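# Geometric and topological summary
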Amino acid sequence: MAERVLEVAGLRAGYGPAEVLFGVDLHLARGEVAALMGRNGAGKSTTLKAIMGLLAPRGGSVRFAGAEIAGLAPFRIARLGLGYVPEERRIFTELTVAENLEVGRRGAAAGRTPWTPERLFSIFPNLAEMRHRRASAMSGGEQQMLTIARTLMGNPEAVLLDEPSEGLAPVIVEQMAEAVLRMKQEGIAVLLSEQNLDFAAAVADRALILEKGEVRWQGGMDDLEADEDVRRAFLTV
Ligand SMILES: Nc1ncnc2c1ncn2[C@@H]1O[C@H](COP(=O)(O)OP(=O)(O)OP(=O)(O)O)[C@@H](O)[C@H]1O
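Every value quoted in this text rests on a predicted model; they were computed, and no experiment measured them. (Residues numbered from 1 in each chain as written. Predicted model: local features only at pLDDT ≥ 70, side-chain atom pairs only at ≥ 80, totals over all residues.)

### Focus on the overall build of the chain
Along the backbone of the chain there are 10 helices and 10 strands. Taken over the C-alpha trace, the chain has a radius of gyration of 17 Å; the compact-globule value for 237 residues is 18 Å, and the two agree within 12%. If you line up the chain on its principal axes, its C-alpha atoms span 45 × 40 × 35 Å. Taking as baseline every contact in the chain between residues at least 6 positions apart, the subset at least 24 positions apart corresponds to 68%. (Helix = DSSP H or I, 4+ residues; strand = E, 2+ residues; numbered from the N terminus. Rg over C-alpha atoms; globule rule 2.2 N^0.38 Å. Contact = placed C-beta atoms within 7 Å.)

### A short note on the pairing of strand β1 (residues 4-15)
In the sheet, β1 pairs with strand β2 (residues 18-29) via 9 bridges, with the strands oriented antiparallel. Bridge pairing in β2 links Leu-6 to Leu-28. Where β1 hands over to β2, the hairpin turn is made up of 2 residues, of which Gly-16 adopts a positive phi near 55 degrees. As judged from the 5 bridges shared by β1 and strand β4 (residues 59-64), these two strands associate in the antiparallel manner. Residue pairing in the sheet places Ala-9 in a bridge with Ser-61 of β4. (Pairing = 2+ DSSP bridges.)

### Observations regarding the site of the ligand
Around the ligand, the structure places 13 residues, and the nearest of them are Tyr-15, Asn-40, Lys-44, Ser-45 and Thr-46. Among the elements of the structure, β2 and α1 (44-52) are those that each provide at least two residues to the shell around the ligand. When residues in the shell around the ligand are grouped by element, the largest group, 3 residues, is from α1. Across the shell around the ligand, the residue classes break down as 4 nonpolar, 8 polar and 1 charged. (Near = placed C-beta within 6 Å. Nonpolar A, V, L, I, M, F, W, Y, C, P; charged D, E, K, R; others polar.)

### What about the UniProt feature "domain: ABC transporter" (unreviewed entry) in the chain?
Mapped onto this numbering, the UniProt entry annotates "domain: ABC transporter" (unreviewed entry) at residues 6-237. What you have in residues 6-237 is 36% helix and 27% strand, and the ends, taken at the C-alpha atoms, are 30 Å apart. (UniProt positions renumbered as here; feature names shortened; annotations may be inferred.)

### A closer look at helix α6 (residues 140-152)
Taking 1.5 Å per residue as the helical rise, α6 with its 13 residues ought to reach 18 Å, and the 19 Å between its terminal C-alpha atoms agrees with that figure. Within α6, 10 of the 13 residues are buried, leaving the element largely enclosed by the surrounding structure. Taken together, the buried positions of α6 are Glu-142, Gln-144, Met-145, Leu-146, Thr-147, Ile-148, Ala-149, Arg-150, Thr-151 and Leu-152. Contact partners of the buried residues in α6: β6 (82-85), α3 (97-103), α4 (117-123), α5 (125-129), β7 (158-162) and α7 (170-185). (Expected span 1.5 Å × (residues − 1). Buried ≥ 20, exposed ≤ 12 C-beta atoms within 10 Å, placed from the backbone.)

### Structural notes on the sheet that holds β2
Hydrogen bonding along the main chain pairs the strands of a sheet, whether they run parallel or antiparallel. Spatially, β2-β1-β4-β5 is the arrangement adopted by the 4 strands of the open sheet, whose pairing is antiparallel. Each having just a single partner strand, β2 and β5 (67-68) make up the two edges of the open sheet. In this sheet, β5 lies alongside β4 in antiparallel orientation, the contact comprising 2 bridges. Within β5, the residue paired with Phe-64 across the bridge is Ala-67.

### Quick notes on the environment of Leu-192
Relative to the helices and strands, Leu-192 resides in strand β8 (residues 189-193). The buried category is assigned to Leu-192, around which 25 C-beta atoms lie within 10 Å. Sequence separation of Leu-192 and Glu-129 is 63 residues, and the distance between their C-alpha atoms is 27 Å. Residues within four places of Leu-192 in sequence aside, it is in contact with Ala-35, Leu-36, Leu-161 and Pro-164.

### A closer look at the pairing of β7
Burial within β7 is extensive, with 5 of its 5 residues counted as buried. Residues Ala-158, Leu-160 and Asp-162 line one face of β7 and the alternating positions Val-159 and Leu-161 line the opposite face, and both faces are buried. Pairing analysis gives 5 bridges linking β7 to β8, with the strands arranged parallel. Each residue of the ladder has a partner; that of Val-159, found in β8, is Val-190.

Below you can see the structure in the form of structure tokens.
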């Protein structure tokens, strides 16, 4: 069995009186891409936030690279090598592309080739062309690419991507899929929340389907594509 970089068991979380996650179990192997799927409100974003410590877990365990991280502050979790890209872009709009990348720079773990702007520009060619442009003058899709590139400058072992394809033009969605596949080639594990089955099928090895705050189905991406009953039960509106 491939080594697990992330292991979540019985994770519970919510907002005030609202319970949202009722015991989420999932794992991610090193270098694997898994898609967390499910309808609006199923708890995908909440799961990623609770793993990252942006929302305090109310129960359960989150192990990352062999250490328990449930309850740690988000910056500590990031320093351990778990990257997080939220749905809303987080970049410094007054800084240029190149400056935004520098802000994200952190050393790589022993034995790993560190990310540099030049290596990232080979994955995100459109960023290379606008390296001296202020981020405020970029489109939403370009800003989303920059957010991912900046996260990679921190040399994470694994990355959580919240709805990476949402709201992007088709040509940008294709570039985003290529970027995720390059991350996989580099040995980075990716857990992404996704509603777009085509995008998930293009990048993910495995799917996990959430419904009402629990993982209700998991299997290979091919199995999900072939199983109309499962898709109808958990995905189609
Ligand atoms: N800040 C918040 N305060 C209160 N309730 C929230 C908050 N954020 C999310 N929720 C609720 O938690 C539930 C799960 O939301 P979540 O965003 O995790 O779903 P999702 O599967 O990511 O769906 P979507 O694709 O719509 O974002 C929903 O019922 C939502 O209304």
